[in-house]
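The lines below spell out each chain.
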Amino acid sequence: QDDGAITRIIMDAPPALENSEPFVRIDRLFGEAGLNVPRILAWDEAQGFMLLNDVGTQTLLQAADLENPSANLPQFQTAIDSLLKLQLASKPGVLPNYDDAMLRRELQLFPDWYIAKHRGITLSDAQQQTLNQAFDLIVAQNLAAPQVYVHRDYMPRNLMIPLRADEPRLAVLDFQDAVYGPITYDIASLMRDAFASWDEEFVLDVTVRYWEQARKLGLMDFEDWHSDFGAFFRAVEWMGLQRHLKVAGIFARITLRDGKPKYLADAPRFLA
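Please read these numbers as outputs of a predicted model, since none were measured by experiment. (Residues numbered from 1 in each chain as written. Predicted model: local features only at pLDDT ≥ 70, side-chain atom pairs only at ≥ 80, totals over all residues. Heavy atoms only, no water.)

Caption draft 1: Geometry of the packing of aromatic side chains. Overall, the coordinates contain 17 aromatic pairs when judged by the stated rule. Clustering of aromatic rings is evident, with ring pairs tying together Tyr-210, Trp-211, Phe-222, Trp-225, Phe-229, Phe-232 and Phe-233. Positioned over the ring face of Phe-195 is Arg-157, at 3.9 Å from the centre of the ring. (Phe/Tyr/Trp six-rings, centres within 6.5 Å; stacked < 30°, edge-to-face > 60°. Lys NZ or Arg CZ within 6 Å of the ring centre and 35° of its normal.)

Caption draft 2: The arrangement of helix α1 (residues 21–32) in detail. Taking 1.5 Å of rise per residue, twelve residues should cover 16 Å, and α1 covers 17 Å from first to last C-alpha, within 8% of that figure. Within the sequence span of α1, burial applies to Pro-22, Phe-23, Val-24, Ile-26, Asp-27, Leu-29 and Phe-30. Buried-residue contacts for α1 involve β1 (8–12), β2 (40–44), β3 (49–53), α3 (73–88) and β5 (147–150). Gly-34 lies just past α1 and shows a positive phi near 105°. (Helix = DSSP H or I, 4+ residues; strand = E, 2+ residues; numbered from the N terminus. Expected span 1.5 Å × (residues − 1). Buried < 20%, exposed > 50% of the residue type's maximum accessible area, 1.4 Å probe, protein only. Contact = heavy atoms within 4.5 Å.)

Caption draft 3: Up close: the packing of α3 against helix α7 (residues 200–216). At a closest axis distance of 10 Å, the pairing of α3 and α7 adopts a crossing angle of 35°. The way α3 lies across α7 gives a crossing that is right-handed. Touching Leu-73, Phe-76, Gln-77, Ile-80, Asp-81, Leu-83, Leu-84 and Gln-87 of α3 are Phe-202, Asp-205, Val-206, Arg-209, Tyr-210, Gln-213 and Ala-214, all from α7. In the contact of α3 with α7, the residues fall into nine nonpolar, three polar and three charged. (Axes fitted to C-alpha atoms, helices over the stretch in contact; angles between N-to-C directions. Left-handed = near helix turned anticlockwise from the far one by under 90°. Nonpolar A, V, L, I, M, F, W, Y, C, P; charged D, E, K, R; others polar.)

Caption draft 4: Broad picture of the pattern of salt bridges. The final tally for this structure, using the stated rule, is 14 salt bridges. A salt bridge links Arg-104 to Asp-100; its shortest N-O distance comes to 2.9 Å. Placement of both Arg-104 and Asp-100 in helix α4 (residues 100–118) is noted, with a separation of four residues, approximately one turn of the helix. The class for Asp-100 is partly exposed, based on a relative accessible area of 33%. For the salt bridge of Glu-237 with Arg-192, the shortest nitrogen-to-oxygen distance reads 3.0 Å. (Salt bridge = Lys/Arg side-chain N within 4 Å of Asp/Glu carboxyl O.)

Laid out in structure tokens, this is it:
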């Protein structure tokens, strides 16, 4: 870095346990879109070692002032800038489709892991029918949205404050599960965070800023989204609903299967 001290990150991902190919491929794709992603300096594919530049030590979540939301606007604006670059670069047929089957697989984590295994509840036929109807509606609403590249975990915990003073962009991590899906997903991830709650005023403020810029770039040319922020925001809420049901299931699975209870401790807050 500027002080002459250069740090590198060594990744150890044994091929038998972890496939690094998606990380490498999507790192290149997102970098070409103009995002600040780790530079892969060397990759020993056979043994699963990778050498990367160090993009930062502090996440946006760690740097955020949770008590004073508006103080975080500049960083969230930077997050929006990168998100728009990614969405503008989108092309079909490059990433896996975030399709009906994938949305339903994710939703199913909620009854399987949160309701049945964590809460120990067996749903009645009527309750199961209610859940099925809700899931059908959630999937239909979300599949109707325009499709773009979706990071799939675009939240403050995966955005890093850059180490270099001359780097204006936040660094983007944890993108290896990226898909081609609803344009509403990543802004919902950013503002309806699984690890921090923002008041509605801040959520609306940032989402309106995103919408205004996306509109100018032609990304909101769908139904009445271009002229009606409320219509777009409703779609973001539908997407946030799908994501939170999925995350509740994942947090229960991480607790029960992997023995990490701190994740589930967050569940009441974001389910509320």
